[in-house]
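Here's the letter readout for the chains.
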Amino acid sequence: EEYRGRICLYDRSCLEVLPRLSDNVYDAIITSPPYCNRYDYTRTYALELALLGIDEPGLAKLRQEMLSCTVENRAKDLLSINPRWTTALAIADDQELLQAILAYLEAQKAKGALNNNGIPRMIRGYFYEMACVIAECARVLKPNSLLFMVNDNVRYAGASISVDMILSDIAENLGFHVVSI
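Residues numbered from 1 in each chain as written. Predicted model: local features only at pLDDT ≥ 70, side-chain atom pairs only at ≥ 80, totals over all residues. Heavy atoms only, no water.

Asks: Is there a simple way to explain a nonpolar patch on the surface in this structure?
Replies: A cluster of nonpolar side chains, contributed by Tyr 10, Val 25 and Tyr 26, occupies part of the molecular surface with about 280 Å² of accessible area. Owing to a relative accessible area of 34%, Tyr 26 belongs among the partly exposed residues under this scheme. (Patch = residues over 30% accessible without salt bridge, like charges linked within 9 Å, V, L, I, M, F, W, Y side chains within 5 Å. Areas by Shrake-Rupley, 256 points an atom, 1.4 Å probe, with all protein chains shown as cover. Salt bridge = Lys/Arg side-chain N within 4 Å of Asp/Glu carboxyl O. Buried < 20%, exposed > 50% of the residue type's maximum accessible area, 1.4 Å probe, protein only.)

Structure below.
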């Protein structure tokens, strides 16, 4: 028996689209979000974005709206995007490894030891925004559904950042059960 699904493409940031989706409707989510690696996807995919009709001002806007993964991203006021993210942000606040890494990077910044002073802001934005994304995934998934996420660990100023462990801990605190990393 053949099954045909409906495909919907959205041209906004997941931070904007996910909160608009209905609760408990998806059977699974497979995602490969941007990595926390300073990689500017808007530059890498500039040609593809141009073919989609995105001009230079649109590219700059998209760069700021997308998940923070480059030092060019400014901090977002996540509660103004979605006031329901209070729990997700509190979970990120309580994530001990994340907080230790952020404190270390701020200390390195104060010593002038970072090759870019935007790194701590980027790391903080990345994990706090990803906590919100994971919270939204938990909300839109049906009970006991699966979330598959492809990601990678990174290293800044001599500190290895276990992206997998931090995001898995955040996910468990948001109601997921981590099966495998």
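That covers the picture; the talk isn't over yet.
Asks: How do you make sense of the side chain of Asp 40 when you look at a structure like this?
Replies: In this fold, Asp 40 is placed in the loop between strand S1 (26-31) and helix H2 (41-44). Note on Asp 40: relative accessible area 9%, which makes it buried. Separated by 2.5 Å, the side chains of Asp 40 and Thr 42 make a polar contact. (Helix = DSSP H or I, 4+ residues; strand = E, 2+ residues; numbered from the N terminus. Polar contact = N/O pair within 3.5 Å; in protein donor to acceptor, adjacent residues only side chain to side chain.)

Asks: How do you make sense of helix H7 (residues 96-110) when you look at a structure like this?
Replies: Given 3.6 residues per turn, any residue in an α-helix points the same way as the ones three and four places further on. With 15 residues, H7 should reach 21 Å at 1.5 Å per residue; the first-to-last C-alpha distance of 21 Å fits that figure. Within H7 the residues assigned to the buried category are Leu 98, Ile 101, Leu 102, Leu 105 and Gln 108. One face of H7 carries all of its buried residues, which in axial projection span an arc of 125 degrees. Facing away from the buried side of H7 by over 90 degrees, the exposed positions are Glu 96 and Ala 110. The secondary structure elements touched by the buried residues of H7 are helix H6 (86-93), helix H8 (119-140), strand S3 (154-156), strand S4 (159-161) and helix H9 (163-173). Looking one or two residues beyond H7, the residue adopting positive phi is Gly 112, at roughly 75 degrees. (Expected span 1.5 Å × (residues − 1). Arc of directions from axis to C-beta. Contact = heavy atoms within 4.5 Å.)

Asks: I would appreciate a short explanation of the packing of H8 against H9 in the present structure.
Replies: Angle between the axes and distance between the axes: these two values describe a pair of packed helices. Closest axis-to-axis distance for the H8/H9 pair is 10 Å, and the angle between their directions is 40 degrees. When the axis of H8 is compared with that of H9, the two are oblique. Crossing of H8 against H9: the hand is right-handed. Within the contact between the two elements, H8 uses Tyr 126, Phe 127, Met 130, Ala 131 and Ile 134 and H9 uses Val 163, Ile 166, Leu 167, Ile 170 and Ala 171. Among the residues forming the contact of H8 with H9, the class breakdown is 10 nonpolar, no polar and no charged. (Axes fitted to C-alpha atoms, helices over the stretch in contact; angles between N-to-C directions. Parallel < 35°, antiparallel > 145°, perpendicular 65-115°, else oblique. Left-handed = near helix turned anticlockwise from the far one by under 90°. Nonpolar A, V, L, I, M, F, W, Y, C, P; charged D, E, K, R; others polar.)

Asks: Would you explain the environment of Pro 33 in this entry?
Replies: Within the fold, Pro 33 resides in the loop between S1 and H2. Between the C-alpha atoms of Pro 33 and Val 133, which are 100 residues apart in sequence, the distance is 9.7 Å. If sequence neighbours within four positions are ignored, Pro 33 has contacts with Leu 67, Met 130, Met 149, Val 150 and Asn 151.

Asks: Just to check I follow, could you spell out the nonpolar core for this structure?
Replies: It is characteristic of soluble globular proteins that their nonpolar side chains tend to be buried jointly. Counting residues in hydrophobic clusters, the biggest one holds 43 residues, and the most contacted among them are Leu 105, Ile 123, Phe 127, Tyr 156, Ile 161, Leu 167 and Ile 170. At the level of secondary structure, the elements contributing two or more residues to this core comprise H6, H7, H8, S3 and H9. In terms of residue count, H8 provides more of this core than any other element does, 14 residues in total. Leu 105 has contacts with Leu 114, Ile 119, Pro 120, Ile 123, Tyr 156, Ala 157 and Ile 161, leaving out every residue within four places of it along the chain. (Core = buried A, V, L, I, M, F, W, Y, C linked by side-chain atoms within 4.5 Å.)

Asks: Explain the packing of aromatic side chains here, please?
Replies: Aromatic ring pairs are reported here in terms of the distance separating the ring centres and the angle at which the planes meet. Enumeration according to the criterion identifies two aromatic pairs in this entry. Here Tyr 39 and Tyr 41 contribute two aromatic rings whose centre-to-centre distance is 4.8 Å and whose plane-to-plane angle is 65 degrees, an arrangement assigned as edge-to-face. A relative accessible area of 37% places Tyr 39 in the partly exposed class. Judged by centre distance (5.3 Å) and plane angle (90 degrees), the rings of Tyr 126 and Phe 127 are edge-to-face. You can call Tyr 126 buried: its relative accessible area is 1%. The class for Phe 127 is buried, based on a relative accessible area of 0%. The lysine or arginine in question, Arg 124, covers the ring of Tyr 128, its NZ or CZ lying 4.2 Å from the ring centre. (Phe/Tyr/Trp six-rings, centres within 6.5 Å; stacked < 30°, edge-to-face > 60°. Lys NZ or Arg CZ within 6 Å of the ring centre and 35° of its normal.)

Asks: Can you walk me through the side chain of Glu 136 in this structure?
Replies: Mapping Glu 136 onto the fold places it in helix H8. For Glu 136, a relative accessible area of 3% translates into the label buried. Within the structure, Glu 136 has its side chain in polar contact with the side chain of Asn 82 (distance 3.3 Å). Side-chain polar atoms of Glu 136 contact the side chain of Arg 139, separated by 2.6 Å. Ignoring anything within four residues of it in the chain, the contact list for Glu 136 reads Leu 18, Pro 19, Asn 82, Arg 84 and Trp 85.

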